[in-house]
Amino acid sequence: MSSGAIFTAMNSLGLYFEWLSFGFCLSATAGGMLMLFRRKQTEMTEGFAYFQFFFILISVFGFYGLWSGQLLSVLGSLESLNSIARIIYILGSPFFVLALGMLLLWTCRLTKSSQLTVLVSSLGLFVAQLVLSNLLGAKGLWDVTKQGALMGIWAIGLSLFFLNYTKTSFLPAKEQRYFMSLLVVICLLYSTALSPLSQWDRYQLVFNILYFALHSALVVVYVQFAPSQSEGDNNSFDALVQKYGISKRELEVIEGIYAGQTNQEIANSLFITLQTVKDHTSRIYQKTFVKNRGQLVALVREARG
């Protein structure tokens, strides 16, 4: 077989693999969409709509911003096609930015954090990454790619910080570790755009496959194992504790308040200081969105039926 025939066969095999990969990404997205919409929104945990929007937008960017350029490259290496691919990538970037915003808002709802706090923190990190990218001095489309990678890293990093800091039990312990690990791996995937790996010929194709696979895995883990809203509305005190992320010590303080004990009596029974009891009580009020003991007692009484 001549070298020309071998080269043609290799090109055909490469083209077949690219279309096979595109089919895999389509299948992963379709599977994720089915997982997202097979359960009613009212049955899922608070803020579920933000997670739905996140996956939809991140998938739209994947096909419009990533795969469009990849498929155009199959047609040839003409400079005009490369220019079109660059323009499409830039036009698709807003979908990526909006997806990151939905992820942050979803995290905000899960952790009961102030949306203003999240958005102000995001703005500060965004300014910081702009300064960093300018210091690195990239040019052209690479600037856009680098901006996208940095934005993805800081947005997911901020989400991880809030989820860890508040100890939110939005999944059972084992599955929550899987979910958090997937977010970390996605961060690492984005970081490869800033590394020499991005110069590899097959980098974009491999990146696309992992991009869709990891985001779809996020959906599977969350939707499959997240406690449903109906479980949180079954007048169970245990469901209330899980819904608001009440810690073991906070639960003991709630029991004392429900029993009618004063702060000093609670401190004596738990062998902690009076100030510690006051601190726990303040956090309990913030988590459960009540303003005083009477409202907290009413909430617990309603949960216990």
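Residues numbered from 1 in each chain as written. Predicted model: local features only at pLDDT ≥ 70, side-chain atom pairs only at ≥ 80, totals over all residues. Heavy atoms only, no water.

Enquirer: Just checking my understanding: could you explain the overall build of the protein for this structure?
Expert: Helix and strand counts for the protein come out as 13 helices and zero strands. Sequence-ordered secondary structure for the protein, helices as α and strands as β, is α-α-α-α-α-α-α-α-α-α-α-α-α. Counting over 305 residues, the protein shows a buried share of 44%. Considering only contacts in the protein between residues 6 or more positions apart, those separated by 24 or more positions represent 73%. Summed over all atoms, the accessible surface of the protein reaches about 16,100 Å², with 65% contributed by carbon and sulfur. (Helix = DSSP H or I, 4+ residues; strand = E, 2+ residues; numbered from the N terminus. Buried < 20%, exposed > 50% of the residue type's maximum accessible area, 1.4 Å probe, protein only. Contact = heavy atoms within 4.5 Å. Areas by Shrake-Rupley, 256 points an atom, 1.4 Å probe, with all protein chains shown as cover.)

Enquirer: Is there a simple way to explain helix H12 (residues 274-288) in this structure?
Expert: The periodicity of an α-helix, 3.6 residues per turn, causes residues three or four places apart in sequence to face the same way. The terminal C-alpha atoms of H12, which comprises 15 residues, lie 21 Å apart, in line with the 21 Å expected from a rise of 1.5 Å per residue. Of all the residues in H12, the buried ones are Val277, His280, Thr281, Ile284, Tyr285, Lys287 and Thr288. End-on, the buried residues of H12 take up no more than an arc of 165°, which puts them together on one face. Looking at the buried side of H12, the elements it contacts are helix H10 (248-258), helix H11 (263-270) and helix H13 (293-304). One or two steps after H12, the chain reaches phenylalanine 289, where phi turns positive at roughly 60°. (Expected span 1.5 Å × (residues − 1). Arc of directions from axis to C-beta.)

Enquirer: Got a minute to help me understand unusual backbone geometry in this structure?
Expert: When glycine is set aside, most residues are seen to have a negative phi, and most peptide bonds are trans. If you check the backbone angles, phenylalanine 271 has positive phi at about 60° while not being a glycine. One non-glycine residue, phenylalanine 289, lies in the positive phi region at around 60°. Within the secondary structure, phenylalanine 289 is located in the loop between H12 and H13. A residue is classified by how much of its surface remains accessible, and phenylalanine 289, at 54% relative accessible area, is exposed.

Enquirer: I would appreciate a short explanation of a nonpolar patch on the surface in the present structure.
Expert: Together, Val60, Tyr64, Ile87 and Leu91 make up an exposed nonpolar region whose accessible area comes to about 350 Å². If you list the elements that add at least two residues to the nonpolar patch, you get helix H2 (48-75) and helix H3 (79-111). Relative to the helices and strands, isoleucine 87 resides in helix H3. (Patch = residues over 30% accessible without salt bridge, like charges linked within 9 Å, V, L, I, M, F, W, Y side chains within 5 Å. Salt bridge = Lys/Arg side-chain N within 4 Å of Asp/Glu carboxyl O.)

Enquirer: Please explain the packing of aromatic side chains as it appears in this structure.
Expert: By convention here, two paired aromatic rings are described through the distance between centres and the angle between planes. If you walk through the whole model with that rule in mind, you get 17 aromatic pairs. Taking the centre distance of 4.7 Å and the plane angle of 35° together, the rings of phenylalanine 51 and tryptophan 106 count as tilted. Taken together, the positions of phenylalanine 51 in helix H2 and tryptophan 106 in helix H3 put the pair 55 residues apart, joining distant regions of the chain. This pair shows no difference in class: phenylalanine 51 is buried, exactly as tryptophan 106 is. (Phe/Tyr/Trp six-rings, centres within 6.5 Å; stacked < 30°, edge-to-face > 60°.)

Enquirer: Honestly, the environment of isoleucine 156 in this entry has me stumped. Any pointers?
Expert: Turning to its location among the elements, isoleucine 156 is positioned in helix H5 (residues 140-166). Note on isoleucine 156: relative accessible area 3%, which makes it buried. In this structure, the C-alpha to C-alpha distance between isoleucine 156 and leucine 183, residues 27 residues apart in sequence, is 6.8 Å. In this structure isoleucine 156 touches Leu103, Leu183, Ile186, Cys187 and Tyr190, once residues within four positions along its chain are discounted.

Enquirer: Help me understand the nonpolar core, please; the structure alone is not making it clear to me.
Expert: Across soluble globular proteins, nonpolar side chains show a tendency to be buried alongside one another. Ranked by internal contacts, the top residues of the largest apolar core, which has 55 residues, are Phe51, Phe170, Phe179, Tyr211 and Tyr222. Secondary structure elements with two or more residues in this core: helix H1 (3-37), H2, H3, H5, helix H6 (173-191) and helix H7 (203-225). If one sorts the elements of this core by residue count, H7 sits on top with 11 residues. Residues within four places of phenylalanine 179 in sequence aside, it is in contact with Phe51, Trp106, Phe170, Leu171, Leu218, Val221 and Tyr222. If you look at the next biggest cluster of nonpolar residues, it comprises 21 residues, including Ile257, Ile266, Ile272 and Leu299. (Core = buried A, V, L, I, M, F, W, Y, C linked by side-chain atoms within 4.5 Å.)

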